[in-house]
Amino acid sequence: MQTRGMNPVTTLTPEQIAQFRADGFLALPSITTPAEVAQLRGIFDRLFAEGAGWKKGAQFDLAGTDENQRPALPQILNPAEFAPELRATQFRQNALAIARQLLGADAEPWFEHAILKPPRYGAATPWHQDEAHRDDPGVTYEQLSVWLPLQEATEANGCMRFIARSHLGPVLPHHSPGDDPRVTALECVGSFAPADAIPCPLPAGGATIHHCRTLHAAGPNGSDLPRRAYILAFRSAVRPDAAFRGYPWNGEKHTAAQARHAAWQNRGGPLGRASRAALSAAAGLLARVRGKAARLLRK
Ligand code: NI
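Residues numbered from 1 in each chain as written. Predicted model: local features only at pLDDT ≥ 70, side-chain atom pairs only at ≥ 80, totals over all residues.

Describing the overall build of the chain
So the rule is basically this: Only runs of H or I of at least four residues qualify as helices and only runs of E of at least two qualify as strands under DSSP, and these elements are numbered from the N terminus. When we talk radius of gyration, it's over C-alpha atoms, and the globule rule is simply 2.2 Å times the number of residues to the 0.38. Partly exposed residues are those whose C-beta has more than 12 but fewer than 20 other C-beta atoms within 10 Å; with 20 or more the residue is buried, with 12 or fewer it is exposed, and the C-beta atoms are placed from the backbone. Two residues qualify as a contact pair if the distance between their C-beta atoms, derived from the backbone, is within 7 Å.
A tally of helices and strands in the chain yields six helices and 15 strands. Relative to the compact-globule value of 19 Å for 299 residues, the chain shows a C-alpha radius of gyration of 20 Å, a close match. Considered along the principal axes of its C-alpha atoms, the chain spans approximately 55 × 50 × 45 Å. In the chain, buried positions account for 35% of the 299 residues. Intrachain contacts of the chain at a sequence separation of at least 6 include 84% that bridge at least 24 residues.

Quick word on the domain arrangement of the chain
The line we're drawing: Domain limits in this description derive from either an automatic procedure or a database domain assignment.
According to the domain assignment, the chain contains domain 1 (14-265) and domain 2 (270-299). Placing the centre of domain 1 and that of domain 2 at their C-alpha centroids yields a distance of 33 Å.

Examining the pairing of strand β14 (residues 227-235)
Each regular strand carries side chains that alternate between the two faces of the sheet. Note the cut-off: Here the rule is simple: two strands pair whenever DSSP picks up at least two bridges between them.
By the criterion of burial, β14 is predominantly enclosed, with seven of the nine residues buried. The pairing of strand β4 (residues 108-117) with β14 spans nine bridges and is classified as antiparallel. Counterpart to H113 in the pairing with β14 is I231. Both strand β7 (residues 143-149) and β14 contribute to a ladder of seven bridges, which runs antiparallel. Counted as the bridge partner of L144 is F234 from β14.

Re the sheet that holds strand β3 (residues 74-77)
Defined as follows: What counts as an axis is a line fitted to C-alpha atoms, over the stretch in contact for a helix, and the angles between N-to-C directions run from 0 to 180 degrees.
In spatial order, the strands read β1-β12-β7-β14-β4-β3-β2; together these seven strands make up an open sheet with antiparallel pairing. Of all the strands in the sheet, the pair left with one neighbour each is β1 (25-28) and β2 (59-61). Put simply, the sheet's adjacent strands are angled 20 degrees from each other on average, direction ignored. Running at roughly 140 degrees to β1, helix α1 (residues 14-23) makes contact with β1 and β12 (207-211) of the sheet.

Looking at the confidence of the model for the chain
As a reminder of what qualifies: A residue's pLDDT is the predictor's confidence in that residue, given on a scale from 0 to 100.
On average, the chain scores 91 in pLDDT, and the residues at 70 or more come to 95%. In the predicted structure, residues 1-6 sits below a pLDDT of 50 and forms nine contacts with residues beyond four places in sequence or in another chain.

Thoughts on the sheet that holds strand β11 (residues 198-200)
Spatially, the four strands line up as an open sheet ordered β5-β13-β8-β11, and their pairing is antiparallel. Each edge of the open sheet carries a strand with a single partner, namely β5 (125-128) and β11. Along the sheet, successive strands turn relative to each other by an average axial angle of 25 degrees, direction set aside. Bridge analysis of strand β8 (residues 160-162) against strand β13 (residues 216-218) gives three bridges, and the strand direction is antiparallel.

Examining the nonpolar core
Definition in use: Connectivity within a nonpolar core runs through C-beta atoms within 7 Å, and the core itself is a set of buried Ala, Val, Leu, Ile, Met, Phe, Trp, Tyr and Cys residues.
Ranked by internal contacts, the top residues of the largest apolar core, which has 57 residues, are F44, V146, L148 and I209. Sorting elements by how many residues they give to this core places helix α2 (residues 34-50) first, with six residues. Contact partners of V146, with chain neighbours within four places excluded, come to A95, I98, A207, I209, I231 and L232.

What to know about the pairing of β12
With five of its five residues buried, β12 lies for the most part within the structure. By the alternation rule, side chains of β12 split into A207, I209 and H211 and T208 and H210, which are all buried. Relative to β12, β1 runs antiparallel, the two sharing four bridges. Each residue of the ladder has a partner; that of L26, found in β12, is I209. Pairing of β7 with β12 involves four bridges; the strand directions are antiparallel.

Some details on unusual backbone geometry
One non-glycine residue, D66, lies in the positive phi region at around 70 degrees. Summarising the element assignment, D66 is placed in the loop between β2 and β3. C-beta crowding within 10 Å serves as the criterion here: with 19 such atoms nearby, D66 is assigned to the partly exposed category. Notably, D179 is not glycine yet its phi reads approximately 55 degrees, a positive angle.

Dropping the structure here:
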């Protein structure tokens, strides 16, 4: 790994790039500073304690139906929406530089999530390929995820596990765990050998990087401390793909988080929707006027 400058950008060596292409995953001993990891832990603990995003369906129990008072695998989708300081991290800068090395210079941030695996009862993350979650018919792109543990990740608290070279095959069949479409998680039911899994324990502030077709899972948290992980997903330029119609296992989902999201979007009824549309149009207009003014000033 190489770092440079006052605000160092971590990039991969040619050997690391070759290893990612061959295996579909890579472990790094460090992607950010201990100080930033401590800061991120504080932000995560606040967001989960506040229930950030719950009302709009952005916080939910990945492994359950949201009826449990003690969610087994709480997750927040796009946590930067609720903690804007997450947009200015060294982790993000380094992860983007690495994503562009692996996916090409046009790779962009795609989405992110915060995961909390509670001590002693935090559930296992089932075996899956991230691409199986894809629900945007008609297009295709390359995608990868950078997984940052905010404390040590061990086999006892649920570190990541990967099936090497699985990214070279197709997206395998998936289903909702327990065939319950109210659960957001997906579980691979295709043919693979979990016994071949390679566990990737990491120090706090280390990272694993995996391709969107790499089969991966994480064990339950049997330790006495929470296991927090921050994941940034990136994608290459989007290309048309008329052959991709979406996956049946996603069409079957009906989760409580989806229902909360729909209710949140409809809040205030037609009047609420109309006033939010007007506000967003006005904000867009303002941004365009500002952009135009800035371009004129630069001339
Ligand atoms: Ni995943």
